[in-house]
Amino acid sequence: MARRLPLQPCSLRIYSEMVSPPTATINPSLIREMKSLLGAANVLEKHEDLLLYEFDGSVEKARPDLVVFPHTTKDVSQIVKLAARYEVPVVGRGAGTGLSGGALARGGGVMIVFARMNKILEIDLENRRAVVQPGVVNLDITRAVEHAGLYFAPDPSSAKSCTIGGNVAENAGGPHTLAYGVTTNHVAALEMVLPDGDIVRIGSNHGDVAGYDLCGLFVGSEGTLALITEITVKLARKPEAVKTLLAIFETIEDASEAVVEITASGITPAACEMLDGWTLCVVEDYIHAGFPRDSGAVLLIEVEGLNEAVEGQATAIEAVCGRCRAREVRLARDDRERDLLWKGRKNAFGALGRVAPSNYVLDGVIPRSKLPQALERIKEIGKKYGFHVGNIFHAGDGNLHPIVLYDPRDKKQFENAIAASHEIIRSCVELGGALTGEHGVGMEKNELMALQFSDADFALMRRVHDAMNPDCSLNPGKIFPSSKGCGEIRIKKKSVASVKP
Amino acid sequence: MWGDPNQEEIGRECKAMNATANLASRLAEAIGAKRIVAAEEERAAYAIDGLTPGAIVLPASAEETAEVVRFAVAEKLTLLAVGSRSKCELGMAPSRYDIAVDMTGMREIVHFDAGDLTLSVDAGMPLRELEIYLKQKAQFLPLAVPCFESTTAGGAIASGIDSALRLQYGSARDFLIGAEFVDGTGQLCKSGGRVVKNVTGYDLHKLLIGSLGTLGVITRVNFRTFPLPATFGGHLAGFRNCQCALEYRMAVERAGLPLANLEVFSPSVGEMIRAILQKSEGDVPTELGRGEWCVYSSFEGNEAVVRRIAGDLERIARGRGAVHSRILESSEDEALGGMLRESFEWLRWASPANVVCRLALPVVRADVVAQLLQLAESVRLRAALLVRAASIVYFAVFAESEDQAALAPLAKIVAGIMPLALAEKGLSTLLHAPPEIKEKAAGVRTDGTDLALQQRVKQAFDPSGVFAPGRVAGGI
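Residues numbered from 1 in each chain as written. Chains lettered and ligands numbered in written order. Predicted model: local features only at pLDDT ≥ 70, side-chain atom pairs only at ≥ 80, totals over all residues. Heavy atoms only, no water.

## A closer look at the overall build of chain B
- Of regular secondary structure, chain B possesses 16 helices and 19 strands.
- Relative to its length of 476 residues, chain B is compact, with a C-alpha radius of gyration of 23 Å against a globular reference of 23 Å.
- The C-alpha extent of chain B, read off along each of the three principal axes, is 75 × 60 × 45 Å.
- Each of the 476 residues in chain B was classed as buried or not, and the buried ones make up 61%.
- At a minimum sequence separation of 6, the contacts of chain B that also span at least 24 residues come to 73%. (Helix = DSSP H or I, 4+ residues; strand = E, 2+ residues; numbered from the N terminus. Rg over C-alpha atoms; globule rule 2.2 N^0.38 Å. Buried < 20%, exposed > 50% of the residue type's maximum accessible area, 1.4 Å probe, protein only. Contact = heavy atoms within 4.5 Å.)

Here it is as C-alpha cells:
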C-alpha cells in the first residue's frame, strides 16, 4: 500500500488538535523495568527509532513513548501489567499497514509490536485449522498449508506484509471476501491479554461456543478491548477451478451497471473488482499487465468452484457484461495471465505513488444496487474540491475505495482532502451504507461515527468497552467520537517523581 | 397457631391473582390495555420450565417494546422476549420471569433490496412467510432451523440453534449483518447495518445470536440473502457401521465437494424418520430403517454441478463399501432433508421422558460415538445419534416413562456426557431434559475461562438484570 511521502513532518493534522498530547516524557524507571523484563534488544526508546512507529498506512500520525517487542503471551501480560502500574496507555501493532490509524499511539505510551511473535504454532490439516501468533504475516499462513490444497481466505491487498493480529483487530477484508467473508468468518478461537494482564481464551477449535459469541465481539474491536496473542484460524480448501475475467467498458457507468446486474442475477463471483480508466493507465504504466489505456473502467472478476459451476458462471458473467455494453471480455488463459491481472489490482495503490506526492485511500460501503449513484457523487465531490479521485475497489460487495491524490506539503490541499473524504463517507451513509467496510474506524473516522450511530448506540458500545477496558488504557482515542468515548484519554500519566515502582 | 391449610392455599392463590391483576393494570397504564394479556389460561401457554409469567405484552412497535423494558426496569421486574415459543426450553430456566414480551405482532418486511441481496425484517416475522416472499424473488435465507413452520426470525437468532445448511452457508453469524434491539436500560440500539461488508463499531449483533433473550429484546434483524439455486440434489448412502459411515463422510469432505448438508445418522434415527414419514404419508426412502448407519448429502447448483456431485458421491460411496447408495427422488430428498432439519423437534417428543444433548467436537470419531452409545446401553435405554456438518453431534436417549425411576438413568447419561465432551476438548449443551435433570445442569459449564467475560458482557447490556436472569448456563 502507498504511504504518504514524508517530505516534511506531516503536522497539518497533528493529534494535539484533537486530544491532549502526552504531558510528560516516559518515566526512565519504566524503561529500565521494561528492559529488565524483555532485554534491551526488545525495547526501543530513542527518538529516531520511535519515529518509525508514528505512522501507519493512514494519513494520521502519533508517536509512542516506548516500543517493545514481546516474544510470548506471558511477555505481553507482564508488559501490560507494568504499563498499568505506571498508568501509561498501551497500543498493539502488527506490521503497521493499517489504513485508519488503529495501530498508532494516539495517547502516547507503550506500543507493543508483535513482529517477533511470528510463529505458526500448530497446523491441523485434517480439520483445517492453524494456531498462529499475531505477528505471522497473512500470506505466510497460506504458504504453510498450500501444499495440502488449503489456504487462508481473507486476502487484504497488503497480505504479503500485514499480520494476522492486525487482521483480527481490524476484521480485515480483501477482494475475495465477496464469496468467503471477512476475517471474523475465519477465526475459531483467540487467546488474549486483557488490560489488567489476565490471559483468557475465547471461542474453540471447533468454532462453536456455549453462551455469547465473544470472538464475534473481539474480532474487529480494533485493539480497544484486549490484545490478541494467539489465533486459531479456519483454513479453506482451494477450489478445483478458477476463471479470471477482465471486462472492459467504455464508461464507469456501464461497468457499475454490470456489477448491479451480476449481483441481481444471482451470480456470486469469488471477487469482483473495479478500476476506473484513469487509474488503469497509471497502473499499466507501472505493472505492464496489458490493461487497456482507453477504457472508462474495467471489472476484474473471478469465479471459483467446481469446473461445472465455473464454466456456467463465466458464461453468464460474459453475457451480463455484454448486455451492459462491455467492449470486450478477456479470459486469463493461464496462471501467468491471472497473476499479472491480480498484480495490477494489488499494486494499484503503489502505482498511484508515481503520479502524486501522496494519496488518501478512503473506505466506505454502499448497497450494491446504489453503485452508479455513489460513483457519480464521488466524482462531483472530487470536482468540488479540485481533486482527481481514483477508484479501485471491491465492487462486488459495495466496498468503495476512492483515492484522493494530494500533496501533504500544501496545508490547504490536505484540509480539502480531509473535507472531501468526510463528504464522500457521509454520502455512503446517506445511500444506506456504512463508514467502513474493512479498514476500521480507528482515529480516522471516530469523529464521523455519529453519522451512523445514535447516543443510545454509543452508550451501549461504551458500556461494552468499559466492561473490558475500564481505564481506557488499551488503544485510547479510537472508534468513539471524542465527546463520547476515550477521546479524552482518561488514563493519567504520573510524573517521574510520583511513581514508585 | 396453625391456620387451615386450605385457607392458606386459597390465600396464596388470591395473593398471586392480585399480583397478576396489579401487574397487568400497571402495564396497561404504561403502554395501553389492548396489548396486555393477563388471563391465567393464556399465560400458561408462555410458561418456561414450570414458570408462568404474570403478564404478557404484545408490543406493536420498537418504541412500545422499549416502554415495556423501561417499565420493567423501573418496577424491578424481569422479562423475556418470545416469538413462536417453539424453542423456549433451550437454555436454563430463568430464575424469575415476570413478563413475557410476545414479538409476534411485529412482522413486517421493513426493507428488501433485491439487487443488493439484503433484507431487514421485524423480529416477529415467521421464517416460513419470509421463505415464500423471498422465493418469489428467486432468493432465500439459509436459516434452516427446527420448528421452521412457526419460528420467527428474532427467535431463530436468539435461540442460536443450528441451521441444517451450516456446512455450506455457515451459521447465523455469517449472514446476520445487523440488528436493532432494546437494551437493558430500555434504549433502542442498533449494531451493524444493511450492507454486506461493514466493520463500523463493535459487532454487538453477533452477541445476540444464541443469547436466549438475556442481552436485549431483538426488534429487527438484517440479513444477507442468497440466490435460490437452480437445481437441488440429495443422496443417501448406508454403511454397516458408524466407522465406515464416518470414513465415507471424511472422504467426501476431502473431495472438496460443495455440499449444503452432510449428516451421518444412526440406524435408530433412520427408523424414527421412516415411522414418522410413513405416518404422515410422506415419501420415504425405502433404505431407511434397515439397520445401517446412513449418510445424507444435499447439494445444489446448475444441472451440470448437481449431476457431477451426484456422480462423485455415488463413486465415493461404492468405493467405501456402501451397503446402498442412491440419488434420491426430489420428493424423497425434500422429505428426508425436512426431517433432518426438524430432528431436534421430533427427538425431544419421541418418548415420555428423554434427554437431547448437543455436542460440538473438534473431530467426531467412531470411538467417541461408541462411547456415547455405550452410555445409553449401560442404562439399557434406546438412543439416537446424528452428526451434522463436520463437528456437531445430536445425541438423544429415551426413557419409556416419566416416573421418578426413569429419571435416574437419564441423569446418569447427562452426567456422563459432559466429561466425555471435555476430554475431547469439545462442549456439550443440554437441549432438552426433564426439569429435574435440567435444574441440576444449570450451573455447569464445560468451557473454561471466558465465563467472567460473558458476565461482563451481560452486565454491559443489561446492568439491572431485567432480561431473563439465569438463562445462559453458568448463571448468566
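## Details of the interface of chain A and chain B
- Facing the 80 residues of chain A at the interface are 68 residues of chain B.
- Summed over both sides, the interface of chain A with chain B buries roughly 5800 Å², with 55% coming from carbon and sulfur.
- Counting the contacts that link chain A with chain B gives 13 salt bridges.
- Among the ionic pairs, Lys197 of chain B bridges to Asp397 of chain A, the shortest N-O distance being 3.7 Å.
- Between the two partners, chain A and chain B, sit 29 residue pairs in polar contact (both at pLDDT 80 or more).
- Contributing elements (two or more residues each) for the side of chain A that touches chain B: helix 6 (177–180), strand 9 (199–203), helix 7 (214–218), helix 8 (252–264), helix 10 (307–323) and helix 15 (455–468) of chain A.
- Partitioned by chemical class, the residues of the side of chain A that touches chain B number 34 nonpolar, 30 polar and 16 charged. (Buried area = accessible area lost by both parts, 1.4 Å probe. Salt bridge = Lys/Arg side-chain N within 4 Å of Asp/Glu carboxyl O. Polar contact = N/O pair within 3.5 Å; in protein donor to acceptor, adjacent residues only side chain to side chain. Nonpolar A, V, L, I, M, F, W, Y, C, P; charged D, E, K, R; others polar.)

## What to know about the side chain of Asn171 of chain A
- Position of Asn171 of chain A among the secondary structure elements: in the loop between helix 5 (164–170) and helix 6.
- Reaching out from Asn171 of chain A, the side chain makes a polar contact with the backbone nitrogen of Thr184 of chain A at a distance of 2.9 Å.
- Residues contacting Asn171 of chain A, with those up to four places away along its chain left out, are Val182, Thr183, Thr184, Val219, Gly220 and Glu438 of chain A together with Val199 and Asp203 of chain B.

## What about the nonpolar core?
- If you look at the biggest cluster of nonpolar residues, it comprises 119 residues, and the most contacted ones within it are Leu190 and Phe218 of chain A together with Phe223 of chain B.
- It is helix 15 of chain A that provides the largest number of residues to this core, a total of 7 residues.
- Look past the residues within four positions of Phe218 of chain A in its chain and what remains in contact with it is Val168, Leu190, Met192, Ile202, Leu225, Ala226 and Met468 of chain A together with Leu453 of chain B.
- Among the nonpolar cores identified, the runner-up in size contains 58 residues, and Leu306 of chain A together with Trp293, Val397 and Val414 of chain B belong to it. (Core = buried A, V, L, I, M, F, W, Y, C linked by side-chain atoms within 4.5 Å.)

## Some thoughts on the packing of aromatic side chains
Residues and elements named next belong to chain B.
- Enumeration according to the criterion identifies 13 aromatic pairs over all chains in this entry.
- Judged by centre distance (5.3 Å) and plane angle (90°), the rings of Phe140 and Tyr169 are edge-to-face. Remark: Tyr169 occurs in helix 6 (residues 166–169) and Phe140 occurs in strand 7 (residues 139–140); sequence separation between them is 29 residues. Grouping residues by exposure puts Phe140 and Tyr169 together as buried.
- With 6.1 Å between their ring centres and 90° between their planes, Phe175 and Phe226 make a pair best called edge-to-face. A residue pair is termed long-range when its members are at least 10 positions apart, and Phe175 in the loop between helix 6 and strand 8 (176–182) and Phe226 in strand 11 (residues 226–227) qualify at 51 residues. Residues Phe175 and Phe226 agree in their burial class; the two are buried. (Phe/Tyr/Trp six-rings, centres within 6.5 Å; stacked < 30°, edge-to-face > 60°.)

## Some thoughts on the sheet that holds strand 6 (residues 118–122) of chain B
All names here are of chain B.
- On the basis of which strands lie adjacent, the open sheet formed by 5 strands has the order 5-6-10-8-9 and antiparallel pairing. Each having just a single partner strand, strand 5 (109–113) and strand 9 (188–192) make up the two edges of the open sheet. Between one strand and the next, the sheet's axes are offset by a mean angle of 10°, whatever the strand orientation.
- Of the strand pairs in this sheet, strand 8 and strand 10 (residues 217–224) are connected by 6 bridges, and their pairing is antiparallel. Across the sheet, residue Glu180 finds its bridge partner in strand 10, namely Arg220.
- Strands in contact with helix 4 (residues 127–136) are strand 5 and strand 6; relative to strand 5, the strand with the most contacts, it is inclined by about 30°. (Pairing = 2+ DSSP bridges. Axes fitted to C-alpha atoms, helices over the stretch in contact; angles between N-to-C directions.)

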